[in-house]
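# Understanding the architecture of this molecule
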Amino acid sequence: MINVAVLGYGTIGSGVVEVLNMNQEIVKRNAGQEVRVKYVLDLRNFPGDPIENILVHDFDTILNDPEVDIVVEVMGGTTPAYEYVKAALLAGKNVCTSNKALVAAHGPELIQIAREKNINFLFEASVGGGIPIIRPILRSLNVDNFYEITGILNGTTNYILTKMYNEGGSFEEALKEAQDLGYAERDPSADVDGFDAARKIAILSSLMYGKNLNYEDLSVEGIRKISTADIDYAKSLGMKIKLLAITYNVAGEIYSEVAPHMIDSNNSLYGVDDVKNGIQLKGNLLGDTMFYGSGAGKLPTASAVVSDVIDEAKHLNTNIPIIWETENVKLAERGKHESKFFIRVDKDFAEIKNTFDLEQLITLEQYPDEYAIVTSKMTFADFYEKIGNREHIRSIIQVK
């Protein structure tokens, strides 16, 4: 029998317990033996809940129990999650987690400890919720040389942008509805300012290159500035605005960023709407590969966590190799990065039309006091040199 301790009994933690109970025969068949939740750790009490008899409030109870084989960390954040996970690994216990903040900040160190202890630290659910993406990168596609990964990695921002596109209304109105539906936190900054997506693309990129891509080194822009007018212009161009997390390699130079982009229907991420996530990989052998599904949610995320539990149960005393070293990925200067740009400007600011090599000039009847242009592809350095004074500029969005 495999004994599991679950740290945190919130949405995902309760989902993990539910999945292990609901599909216990499937779990047993795939793990090779019965998997039992021996402890649930939480500061709160849950009177009347089925886990009441296995609830503990002191992590040391779990740490000092030699019968606990696997620790599931679903607390979120880095404190005290990092201390608990590191202690569990040093004590010889396998750990799996859905905590992208923990993995992005401490992944290489925790992987190294697991390697030295001949145990495992797995984190499939930390990116893409229920979408299998980390395991395919590490195992199924590990012969491919990936040169680009592009993802819609945050369901909250995707829901907001989809609602603005389909129903109109402002960013603030769409955010309020996302909060009312439980898709966005009361403080939504991690989502709408792009930091959640930055952590996730950093994790995927680190696995892609085998070195550490520090999410704090990324250029990150969220969606707070996206307006109804931006959406209307995108529609007129046959495009949608999506918050994309991107890492790509051009001639050995690596670029990575999170930013809103306009994309057209030829892009496989165009149809990824609402709270769904989509991840596109480009490799030298397989070409384009697309992963799509529920990027969050109780049971989809819990299913990914439990898949790691099964993997660890099958490899209790065998380390599953994960190449993610502490050496940092060196990112190229952002000024060398190339993009097309959508620019909205005041109508009386005609100078900008003569400054850029234009692909399109757009005017919309409902916005008589402005117009927009789409530039040809150019470097960021060249763009910002030409853009000059932004006093008359209302919006700038990359076009992919």
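Here, the structure is the one placed above.
This write-up is about the structure you can find in this document.

### Some remarks on a nonpolar patch on the surface
A surface patch of nonpolar side chains, about 320 Å² in accessible area, is lined by Val-143, Leu-285 and Leu-286. In this structure, Leu-286 sits in the loop between strand 11 (276–283) and strand 12 (287–294).

### With respect to the pairing of strand 15 (residues 370–375)
Across the six residues that make up strand 15, a large majority, six, are buried. Residue alternation in strand 15 divides its side chains into two sets, Glu-370, Ala-372 and Val-374 and Tyr-371, Ile-373 and Thr-375, and both sets are buried. For strand 13 (residues 338–346) and strand 15, the ladder comprises five bridges, and the chain directions are antiparallel. Bridging from a neighbouring strand, Val-345 pairs with Tyr-371 of strand 15. With four bridges joining them, strand 14 (residues 358–362) and strand 15 adopt antiparallel strand pairing. Bridging across to strand 15, Leu-358 finds its partner in Thr-375.

### Thoughts on the environment of Gln-366
Structurally, the position occupied by Gln-366 is in the loop between strand 14 and strand 15. Sequence separation between Gln-366 and Asp-232 is 134 residues; the distance between their C-alpha atoms is 9.4 Å.

### Thoughts on the sheet that holds strand 1 (residues 2–7)
One open sheet accounts for six strands, arranged 3-2-1-4-5-6; its pairing is parallel. Each having just a single partner strand, strand 3 (55–56) and strand 6 (121–122) make up the two edges of the open sheet. Together, strand 1, strand 2 (35–41), strand 4 (68–73), strand 5 (94–97) and strand 6 form the strand contacts of helix 12 (residues 298–314), whose direction differs from that of strand 5 by roughly 165°.

### Quick look at the environment of Val-258
Within the secondary structure, Val-258 sits in strand 10 (residues 253–264). Its relative accessible area of 1% is what places Val-258 among the buried residues. Each C-alpha atom, one on Val-258 and one on Asp-288, is 20 Å from the other, the two residues being 30 residues apart in sequence. Aside from chain neighbours lying at most four places away, what touches Val-258 is Gly-194, Ala-197, Ala-198, Ile-201, Leu-218, Ser-219, Val-220, Glu-221, Leu-243, Leu-244 and Ala-245.

### Describing unusual backbone geometry
One can expect most non-glycine residues to show negative phi and most peptide bonds to be in trans. Cis geometry marks the peptide bond from Thr-79 to Pro-80; its omega dihedral reads 5°. Tracing the sequence through the fold places Pro-80 in the loop between strand 4 and helix 4 (81–90). Backbone geometry at Ala-251 places phi at a positive 55°, although glycine is not the residue there. Summarising the element assignment, Ala-251 is placed in the loop between strand 9 (239–250) and strand 10. A positive phi is found at Asp-274, a non-glycine position, where the angle reads about 55°.

### A look at the pattern of salt bridges
Within the structure shown, the criterion is met by 28 salt bridges. The partner of Arg-139 in a salt bridge is Asp-311, with the nearest N and O atoms 2.5 Å apart. Taken together, the residues Arg-139 in helix 6 (residues 134–140) and Asp-311 in helix 12 connect sequence positions 172 residues apart. The partly exposed category is assigned to Arg-139, whose relative accessible area is 34%. Judged by relative accessible area, Asp-311 falls into the buried class, the value being 7%. Arg-224 is the salt-bridge partner of Asp-193, the closest N and O atoms lying 2.6 Å from each other. Taken as a pair, Asp-193 in the loop between helix 9 (189–192) and helix 10 (195–209) and Arg-224 in the loop between strand 8 (219–220) and helix 11 (228–236) lie far apart in primary sequence, 31 residues in all.

### Section: the nonpolar core
Soluble globular proteins tend to bury their nonpolar side chains together. Core analysis: the largest hydrophobic core is formed by 124 residues, its most contacted members being Ile-62, Val-72, Phe-121 and Phe-123. Sort the elements by how many residues they give to this core and helix 10 lands first, with eight residues. Not counting the four nearest positions on each side in its chain, Phe-121 is found in contact with Val-85, Leu-89, Val-95, Thr-97, Val-103, Leu-110, Ile-111, Ala-114, Glu-312 and Ile-322. In this structure, Ile-343, Ile-352, Ile-373 and Met-378 belong to the second largest nonpolar core, which totals 13 residues.

### Re helix 11
Along helix 11, the residues that are buried comprise Ala-229, Asp-230, Ile-231, Asp-232, Tyr-233 and Ala-234. Once helix 11 ends, the next one or two residues include Gly-238, with phi positive near 75°.

### Some remarks on the side chain of Glu-73
By the element assignment, Glu-73 lies in strand 4. One polar contact links the side chain of Glu-73 to the main-chain amide nitrogen of Met-75, over a distance of 2.7 Å.

Rules of the game
Residues numbered from 1 in each chain as written. Predicted model: local features only at pLDDT ≥ 70, side-chain atom pairs only at ≥ 80, totals over all residues. Heavy atoms only, no water. Patch = residues over 30% accessible without salt bridge, like charges linked within 9 Å, V, L, I, M, F, W, Y side chains within 5 Å. Areas by Shrake-Rupley, 256 points an atom, 1.4 Å probe, with all protein chains shown as cover. Salt bridge = Lys/Arg side-chain N within 4 Å of Asp/Glu carboxyl O. Helix = DSSP H or I, 4+ residues; strand = E, 2+ residues; numbered from the N terminus. Buried < 20%, exposed > 50% of the residue type's maximum accessible area, 1.4 Å probe, protein only. Pairing = 2+ DSSP bridges. Contact = heavy atoms within 4.5 Å. Axes fitted to C-alpha atoms, helices over the stretch in contact; angles between N-to-C directions. Core = buried A, V, L, I, M, F, W, Y, C linked by side-chain atoms within 4.5 Å. Polar contact = N/O pair within 3.5 Å; in protein donor to acceptor, adjacent residues only side chain to side chain.

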